[in-house]
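What the coordinates show
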Amino acid sequence: MKNDFKFEKKIENKIEKEEKRTAENCPYCFENTQKHLVISIGKHCYLSLPSTESIVEGSCMIVPLSHCYSSVTCDEDVWQEIEMYKKVLIEMFDKRRCECVFYEMYTSENKYGHMIIECVPLGMNVSNLAPIYFKKAIIESESEWSTNKKLIELKDKTIRNTLPKNVAYFTVSFGNDTGFAHIIEKNEAYPSHFAKEVIGGIVDLDPLSWMRPRKESFNEQSKKVIEFSKWWKPYEFNKC
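What this report covers is the structure whose coordinates are included nearby. (Residues numbered from 1 in each chain as written. Predicted model: local features only at pLDDT ≥ 70, side-chain atom pairs only at ≥ 80, totals over all residues. Heavy atoms only, no water.)

**Some thoughts on the packing of aromatic side chains**
Applied cut-off: Put simply, two rings from Phe, Tyr or Trp (the six-membered ring, in Trp's case) pair if the centres are within 6.5 Å, and we call them stacked under 30 degrees between planes, edge-to-face over 60, tilted for the rest. For helices the rule is a DSSP run of H or I covering at least 4 residues; for strands it is a run of E covering at least 2, with both sets numbered from the N terminus onward. The classification of residues rests on relative accessible area computed with a 1.4 Å probe and restricted to protein chains. Under 20% of the type maximum is buried, over 50% is exposed, and intermediate values are partly exposed. Our definition puts a charge over a ring when NZ of Lys or CZ of Arg is within 6 Å of the ring centre and also within 35 degrees of the ring normal.
What the rule picks out here adds up to 16 aromatic pairs. Between Phe134 and Phe170, the ring centres sit 6.2 Å apart and the planes meet at 15°, which makes this aromatic pair stacked. Of this pair, Phe134 sits in helix α3 (residues 130-141) while Phe170 sits in strand β7 (residues 169-174), and the two are 36 residues apart along the sequence. There is no split in this pair, since Phe134 and Phe170 are both buried. Ring geometry for Tyr190 against Phe194: centres 4.4 Å apart, planes inclined by 40°, an arrangement best described as tilted. Phe194 carries the same exposure label as Tyr190, and that label is buried. Following the ring pairs from residue to residue traces out a cluster consisting of Tyr103, Phe134, Phe170, Phe174, Phe180, Tyr190 and Phe194. Sitting over the face of the ring of Phe102, Lys86 holds its NZ or CZ atom 5.4 Å from the ring centroid. The ring of Trp231 has Arg96 lying over it, and the distance from NZ or CZ to the ring centre is 3.9 Å.

**Here we look at the sheet that holds strand β4 (residues 98-106)**
Put simply, the rule is: Between any two strands, pairing holds if DSSP finds at least two bridges. In what follows, residue pairs with any heavy atoms lying within 4.5 Å of each other are defined as contacts. Angles run from 0 to 180 degrees between N-to-C directions of axes, and those axes are lines fitted to C-alpha atoms, restricted for helices to the stretch in contact.
With antiparallel pairing, eight strands are arranged side by side in an open sheet as β1-β2-β3-β5-β4-β7-β8-β6. In this open sheet, the two strands that pair with only one neighbour each are β1 (38-41) and β6 (152-153). Relative to strand β3 (residues 60-64), strand β2 (residues 45-48) runs antiparallel, the two sharing four bridges. By the bridge assignment, Cys45 is partnered in β3 with Pro64. Here α3 sits on the sheet in contact with β4, β5 (117-123), β6, β7 and β8 (177-183), set at roughly 165° to β7. Together, β1, β2 and β3 form the strand contacts of helix α6 (residues 218-232), whose direction differs from that of β1 by roughly 35°.

Take a look at the structure:
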């Protein structure tokens with residue numbers, strides 16, 4: 001019994017050290033992030049643009065200010081603010097004749113990483129294809145011998161009350177409509193560019209744009225921040 005306790009304690013200490021090391025070096029914790037890319041700052045989250053060339057104009061990220069791992073494990077107040085940012089982004093892009101695709105990936109390879117909700121606005125001429133493309137990609141992503149159900153439809157429920165904590169998953173939603181979730185069994189079936197590859201197929205992009213996105217110069221980044229900020233200003237709900 002004593003040896004079991006020592007072993008468990010050793011494992012706990014190892015996990016704590018790994019969590020601390022990951023958080024200290026995290027580029028998405030607000031104190032470390034690239035502030036010139038930040039569009040909006042809330043009480044618990046911030047809205048930012050990618051440092052690389054956007055896969056689609058207007059692509060952005062909703063990111064918790066403090067280090068947390070996933071939508072399933074984050075605090076309720078963080079989740080509520082994420083939902084507020086989603087609601088406002090949907091309204092903003094609807095005026096621009098676009099529909100938002102939101103996605104998140106939580107993998108066992110990066111289980112102590114920082115949670116990020118990516119938002120990609122698709123023009124109304126192609127946005128109706130997104131559920132079809134993502135459904136097909138998710139179903140085909142893992143082998144027929146997968147233990148878990150391949151496709152979980154999030155009808156009238158959220159990822160928070162659908163999946164258990166600490167399981168690897170991918171989830172995607174489409175505007176105000178419900179979306180899909182999938183428990184990841186093999187990490188190689190879900191590379192970091194999984195969602196961008198699907199979106200690239202929808203809008204017919206060069207594969208290099210999502211496999212090796214081009215790093216933008218400071219001037220390029222500043223221009224897209226200025227443009228996005230103009231769109232966002234009428235919808236800003238975080239009042240000073």
